Each structure stands twice: as C-alpha cells, then as structure tokens.
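Listed here are the chains, written in short residue letters.
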Amino acid sequence: MVGFGFDVHRLAEGESLVLAGVTIPSPIGTVAHSDGDVVLHALVDALLGALALGDIGEHFPDSDPQWKGASSDRFVRHAVDLVRNAGCRIVNVDATLVLESPKILPYKEQMRANIAEMCGLPLERVAMKATTSERIGYVGRKEGVHAYVICEVQPL
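On a predicted model such as this, the values are computed, not experimentally measured, just so you know. Per chain, residues are indexed from 1 in the order of the written sequence. Local features are withheld for residues below a pLDDT of 70 in this predicted model, meaning they are given only at 70 or higher, and side-chain atom pairs are given and counted only at 80 or more; totals for whole chains, interfaces and linings count all residues. Side-chain descriptors were evaluated using all non-hydrogen atoms of the structure, hydrogens and water having been removed beforehand.

Looking at a nonpolar patch on the surface
A grouping of Val2, Phe4, Phe6, Val8, Tyr138, Tyr148 and Ile150 is seen on the molecular surface, where their side chains present a nonpolar patch of about 610 Å² in accessible area. In DSSP terms, a helix is any run of H or I states spanning at least four residues, a strand is any run of E spanning at least two, and both are numbered starting from the N terminus. The set of elements that each furnish at least two residues to the nonpolar patch consists of β1 (2-13) and β7 (144-155). Among the elements that make up the nonpolar patch, the one with the highest residue count is β1 (four residues). Within the secondary structure, Tyr148 is located in strand β7. Relative accessibility under 20% of the residue-type maximum defines a buried residue, over 50% an exposed one, and the middle range a partly exposed one, all with a 1.4 Å probe and only protein chains included. By relative accessible area, which is 33% here, Tyr148 ends up partly exposed. To count toward a patch, a residue needs a relative accessible area over 30% and no salt bridge; like charges are then connected within 9 Å, while nonpolar side chains (Val, Leu, Ile, Met, Phe, Trp, Tyr) are connected within 5 Å. Residue-level accessible areas treat just the shown protein chains as cover; the underlying method is Shrake-Rupley with a 1.4 Å probe. By definition, a salt bridge exists where a carboxyl oxygen of Asp or Glu is found within 4 Å of a side-chain nitrogen of Lys or Arg.

If you want it as structure tokens, here you go:
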C-alpha cells in the first residue's frame, strides 16, 4: 500500500523553522498551530493515507488547544502506532521539501535520521530531498514552504 502526503505553511519573520524535526536557524519560519513542520505533517498524511485512516486534521485538529505549539514528532508517532496496530510495517519513506531558503543540505542527514528513528526504519530506507521553485510563486517569494512525502506500508 502506498501513501502520499502534502503539507504547506506560510512563512513569516520571527517564527521558528522546524523541518523533519530539526530546528534550522532562519530569520523566517512557519506560521502554524503546532510547530509547523511541513515534512512531518506530510509524513503523517502519507502514513494515514496508506491505510485510508483520514488525515492529520482529523486526528489533530488545529481547533483543539492541546495541539498549540505541539512538536510534530507526536503526530508521527501516533500515525506509526496506527500502522503497527493495523498489523502493518513501514517499508520506506521518500520526502521532498520545496523551500527557497535556507539551504537544508547541512541538516539533511539529521532529518533522515529523525524520520528513520520515528518510523523504525534503517537510514537507507529514508530519502530526503530538497528543491527550490526557481523563485516562482509563493515559495519563490519566500512566503511559504511545502513538502511532499510518499511511503510504502505492507502487511506483516
């Protein structure tokens, strides 16, 4: 079974930038109810989607004050537990981050390691890629960031 996830957040000065569980020094960060980690939010939707279990907003609504400022690793761990409770295992994760700046190359391996640890995967089963939008659209204007994640889940 394959799951696909997508997430987008606005960027603003004075906000934190957390991507795949890594806090990245930046003058701009995501505007969000939780920590705004677009990579992990897309991962949650991919895992939930693989098993047709809804989406992140159904499990963690932004109208619920308990999720204000929450670390997105909590959301991932919940989705991973749902996968395991369904008698399945995660086979791999492939993530693409679309962000004009800052460059994430110095943080990429830690991002991969964070995702691998959360999903119970060996590092070689986690891909983390980044690209820009060539200065086109809201990403190009540094107004937003988005991420795509695809994963495979198999029955045990």
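Structure's up, so let's keep going.
Observations regarding the packing of aromatic side chains
Pairing of aromatic rings covers Phe, Tyr and Trp, the last through its six-membered ring, and needs centres within 6.5 Å; plane angles under 30 degrees mean stacked, over 60 mean edge-to-face, and all others mean tilted. What the rule picks out here adds up to three aromatic pairs. Ring geometry for Phe6 against Tyr148: centres 5.2 Å apart, planes inclined by 40 degrees, an arrangement best described as tilted. Of this pair, Phe6 sits in strand β1 while Tyr148 sits in strand β7, placing them 142 residues apart in sequence. For Phe6, a relative accessible area of 35% gives the class partly exposed.

A short note on the layout of surface pockets
We place a 1 Å grid over just the protein atoms. Points where a 1.4 Å probe fits but has no way out form a cavity, open points with protein on both sides within 12 Å along at least 5 of 7 lines form a pocket, and any residue with an atom within 4 Å of a point lines it. Grid points are joined across faces, edges and corners, and a volume is the space filled by probe spheres set on the points. Empty space within the largest pocket amounts to approximately 230 Å³. The wall of the largest pocket is formed by 13 residues, among which His9, Ser34, His41, Phe60 and Asp62 lie closest to the centre. Elements supplying a minimum of two residues to the lining of the largest pocket: β1 and α2 (56-59). Class assignment of the residues belonging to the lining of the largest pocket gives a composition of six nonpolar, five polar and two charged. We call Asp, Glu, Lys and Arg charged. Ala, Val, Leu, Ile, Met, Phe, Trp, Tyr, Cys and Pro are nonpolar, and the rest, Gly among them, are polar.

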